[in-house]
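Residues per chain are reported as follows:
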Amino acid sequence: MTPLLRLRGLTKTVGSGRAARRVLDRVDLDLQPGELAAVVGPSGSGKSTLLQLAGGLDRADAGEVTIAGQRLDGCSDTALARLRARRLGFVFQAFHLVPELSGEENVRLAARFGPPGASRRVAALVDAMALRAVADALPAQLSGGEQQRFAVARALVNDPALVLADEPTGNLDASSGAIVLDLLSAAAAAGRGVLVVTHDAAVTARADRVLALQDGRLR
């Protein structure tokens, strides 16, 4: 089976001079279709960096990233943007909702760049996330948990082959976290690949595989 995500020898150093620190050291990972994998580790261990490199949001110092058979290191910025819009759903820890758009409009904006029919998923995802009552509110008017759920809905609206989620339940209570986790699990059950960075024991309990990022390596 061809992995949806394949990382080989992924290496990344942050800082410069005496402050330089290698946060990822020759990381290898295969994520298969239908798999929900969780990455755990202390703050500052490079978990978010790993997701950013895997999603083509940053460039590695060395190594290869392949999504659905397509190598990213040779892609132009335009090609990477097209790949992310069609094949990848990214949940940012800091949400990154467009502040001038309502929560539902943020989800609808992502659907405009997705495959045909994506716009029909917007209302269903907003309802599934129990966000209908605040669908027209701007991000500044939403709680952190509501922003988090809109961010997850935006990541899922294009039915991406690969979902990369950075602490997707970190701002949620148990009930809202269960809603998000159910949707991520459903995506995996439908044959998608889901890679989650988390400190949440409820997420690791539902994961097919748990990987610890330690000293720059996945263990």
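A few points on the structure. Small disclaimer: the values here were computed from a predicted structure and weren't measured.

**As for the overall build of the protein chain**
Now for step 1: When its secondary structure is counted, the protein chain shows seven helices and ten strands.
Now for step 2: Against the globule reference of 17 Å for 219 residues, the protein chain gives a C-alpha radius of gyration of 17 Å, in line with a compact fold.
Now for step 3: Each principal axis of the C-alpha distribution contributes one length, and for the protein chain these read about 50 × 35 × 35 Å.
Now for step 4: Within the protein chain, the proportion of its 219 residues that are buried is 48%.
Now for step 5: Counted over contacts in the protein chain with a minimum sequence separation of 6, partners at least 24 positions apart contribute 70%.

**Brief notes about the packing of helix α3 (residues 103–112) against helix α5 (residues 144–156)**
Now for step 1: Close contact between α3 and α5 brings their axes to 8 Å; oriented N to C, the two are set at 20 degrees. As summarised for this structure, α3 and α5 are arranged roughly parallel, according to the angle between their axes. Between α3 and α5 the crossing geometry is right-handed. Between α3 and α5, the residues in contact are G103, E104, N106, V107 and A110 and F150, A153 and R154, respectively.
Now for step 2: Split into classes, the residues belonging to the contact of α3 with α5 amount to four nonpolar, two polar and two charged.

**Details of the sheet that holds strand β8 (residues 193–197)**
Backbone hydrogen bonds hold the strands of a sheet together, and the pairing may be parallel or antiparallel.
Now for step 1: Ordered by their spatial adjacency, six strands build an open sheet running β6-β7-β8-β3-β9-β10, and the pairing between neighbours is mixed. Edge positions in the sheet fall to β6 (88–91) and β10 (217–218), since each of these pairs with one other strand and no more.
Now for step 2: With respect to the sheet, helix α2 (residues 77–87) is in contact with β6 and β7 (162–166), its orientation differing from that of β6 by roughly 85 degrees.
Now for step 3: Its contacts with the sheet place α5 against β6 and β7, and it is angled at close to 170 degrees to β6.

**Observations regarding the layout of surface pockets**
Now for step 1: Roughly 440 Å³ of volume is contained in the largest pocket.
Now for step 2: If you go around the largest pocket, you meet 17 residues; those closest to its centre are R84, A85, L88, A110 and R154.
Now for step 3: Listed by contribution, the elements that provide at least two residues to the lining of the largest pocket are α2, β6, α3 and α5.
Now for step 4: Looking at the lining of the largest pocket residue by residue, the class counts come to eleven nonpolar, four polar and two charged.

Rules of the game
- Residues numbered from 1 in each chain as written.
- Predicted model: local features only at pLDDT ≥ 70, side-chain atom pairs only at ≥ 80, totals over all residues.
- Heavy atoms only, no water.
- Helix = DSSP H or I, 4+ residues; strand = E, 2+ residues; numbered from the N terminus.
- Rg over C-alpha atoms; globule rule 2.2 N^0.38 Å.
- Buried < 20%, exposed > 50% of the residue type's maximum accessible area, 1.4 Å probe, protein only.
- Contact = heavy atoms within 4.5 Å.
- Axes fitted to C-alpha atoms, helices over the stretch in contact; angles between N-to-C directions.
- Parallel < 35°, antiparallel > 145°, perpendicular 65-115°, else oblique.
- Left-handed = near helix turned anticlockwise from the far one by under 90°.
- Nonpolar A, V, L, I, M, F, W, Y, C, P; charged D, E, K, R; others polar.
- Pairing = 2+ DSSP bridges.
- 1 Å grid on protein atoms, 1.4 Å probe; cavity = no way out; pocket = protein on both sides within 12 Å on 5 of 7 lines; lining within 4 Å.
- Points joined across faces, edges and corners; volume = space filled by probe spheres on them.

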